[in-house]
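Residue-level listing of the chains:
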Amino acid sequence: MEIQDYLTYLADKIPTVTAAVTDGSGQPLTCALDIASCSKNGIYLFVPKHTAFYQALSTRNYLSFTGIYQESPHIQVSLSFRGHVTEKSPDILSRLPRPSRNSCNLMKQENYNDSFALFLLAKATGEWHRMYPEPDTVTFSFSSGTDDQDYFFITSRCVLCRLCASRCPQKCIDISQRPARIIQENCIRCGTCYDTCLAKAIIRQTKPGD
Ligand code: SF4
Ligand code: SF4
């Protein structure tokens, strides 16, 4: 199967997954999450707000999860993913492909987005595992969420608030000077800083040095 086939399998067959993050002291936190959609950008998940899990995820921006599907009485499959997440506006939901299964129960509820946030998992590794009858495992990775050609740069509009540095999963933003500076060698181009900066000081370019 191609990578997109695994994402489609997840969206269509596995409505709810068990996810884990670590809290500020490195202890694991788990939560059941609904899959909202899968697209070429990655995997969209609903995360309940007002929970310790949401707080930890918003800070750490890194998630792993596993879902299980019983294909038949004799075939059971698990799909696991781990990678970087960014919170997205629920406004984009209407533009995302809906899973072919009977749509997500959450989205049938009124005002569900008061209680649930939308996160996109991208820059991730995945593992498809058939548990029985014959164990088999396939691993793969995907880099999406932003165009791979995108590079991010901080401009003179930077007010050195440090917010981007606190959210950067790679800790690759140098805030010892203004404007802050992205250390491109370590950047995975996840776009979290771009989405985070309130001063709109971060620009996206298609090539380094453009
Ligand atoms: S979030 Fe924006 S303004 Fe704040 S330090 Fe980063 S680039 Fe500068
Ligand atoms: S795009 Fe690069 S600098 Fe910005 S948050 Fe992601 S890893 Fe950090």
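Higher on the page you've got the structure.
Everything quoted here is computed from the prediction, not taken from an experiment.

A closer look at the overall build of the protein chain
Across its full length, the protein chain holds 5 helices and 11 strands. Expressed as a percentage of the 210 residues in the protein chain, the buried residues total 42%. Counted over contacts in the protein chain with a minimum sequence separation of 6, partners at least 24 positions apart contribute 63%. In the form shown here, the protein chain has an accessible surface area of approximately 11300 Å², with 48% of it arising from carbon and sulfur atoms.

What to know about the site of ligand 1
Taken together, Ile 154, Cys 158, Val 159, Leu 160, Cys 161, Arg 162, Cys 164, Cys 197, Ala 199 and Ile 202 make up the full set of residues adjacent to ligand 1. Residues of the shell around ligand 1, tallied by class, amount to 9 nonpolar, no polar and 1 charged.

Let's talk about the pattern of salt bridges
For the structure on display, the rule yields 1 salt bridge. Residues Lys 88 and Asp 195 are paired through a salt bridge, measuring 3.3 Å at the closest nitrogen-oxygen approach. On the criterion of sequence distance, the pair formed by Lys 88 in strand β5 (residues 75-88) and Asp 195 in helix α5 (residues 192-196) is long-range, its members being 107 residues apart.

Remarks on the site of ligand 2
Close contacts around ligand 2 come from 14 residues, with Cys 168, Cys 187, Cys 190, Gly 191 and Cys 193 the closest. Its residues assigned to classes, the shell around ligand 2 comprises 10 nonpolar, 3 polar and 1 charged.

Focus on helix α2 (residues 52-60)
Those residues of α2 lying buried are Phe 53, Tyr 54, Ala 56, Leu 57 and Ser 58. Directly beyond the C-terminal end of α2, a positive phi value near 55 degrees is found at Asn 61.

Observations concerning the packing of aromatic side chains
Counted under the stated rule, the structure contains 6 aromatic pairs. For the pair Tyr 6 and Phe 140, a centre-to-centre distance of 4.5 Å together with 10 degrees between the ring planes defines the contact as stacked. Placement of Tyr 6 in helix α1 (residues 3-13) and of Phe 140 in strand β7 (residues 136-142) is noted, with a sequence separation of 134 residues between them. The burial state of Tyr 6 is the same as that of Phe 140; both residues are buried. Summarising the aromatic geometry, the rings of Phe 152 and Tyr 194 are spaced 5.6 Å apart at their centres and angled 50 degrees between planes, so their arrangement reads as tilted. Linking Phe 152 in strand β8 (residues 151-154) with Tyr 194 in helix α5, this pair joins segments that are 42 residues apart in sequence. What links up through ring pairs into an aromatic cluster is the set Tyr 6, Phe 65, Phe 81 and Phe 140. Here the guanidinium or amino end of Arg 204 rests over the ring plane of Tyr 194, the centre of that ring lying 4.6 Å away.

Considerations on the environment of Asp 23
Among the secondary structure elements, Asp 23 is positioned in the loop between β1 (16-22) and β2 (28-39). Spatially, the C-alpha atom of Asp 23 lies 8.6 Å from that of Thr 59, the residues being 36 residues apart in sequence. Excluding its chain neighbours within four sequence positions, the residues that come into contact with Asp 23 are Leu 29, Ala 56 and Arg 60.

What to know about the nonpolar core
Leu 10, Ile 43, Leu 63, Phe 65 and Phe 81 are the most contacted members of the largest nonpolar core, which has 33 residues in total. Among the nonpolar cores identified, the runner-up in size contains 16 residues, and Phe 152, Cys 158, Leu 160 and Cys 187 belong to it.

Criteria and thresholds
Residues numbered from 1 in each chain as written. Chains lettered and ligands numbered in written order. Predicted model: local features only at pLDDT ≥ 70, side-chain atom pairs only at ≥ 80, totals over all residues. Heavy atoms only, no water. Helix = DSSP H or I, 4+ residues; strand = E, 2+ residues; numbered from the N terminus. Buried < 20%, exposed > 50% of the residue type's maximum accessible area, 1.4 Å probe, protein only. Contact = heavy atoms within 4.5 Å. Areas by Shrake-Rupley, 256 points an atom, 1.4 Å probe, with all protein chains shown as cover. Near = heavy atom within 4 Å. Nonpolar A, V, L, I, M, F, W, Y, C, P; charged D, E, K, R; others polar. Salt bridge = Lys/Arg side-chain N within 4 Å of Asp/Glu carboxyl O. Phe/Tyr/Trp six-rings, centres within 6.5 Å; stacked < 30°, edge-to-face > 60°. Lys NZ or Arg CZ within 6 Å of the ring centre and 35° of its normal. Core = buried A, V, L, I, M, F, W, Y, C linked by side-chain atoms within 4.5 Å.

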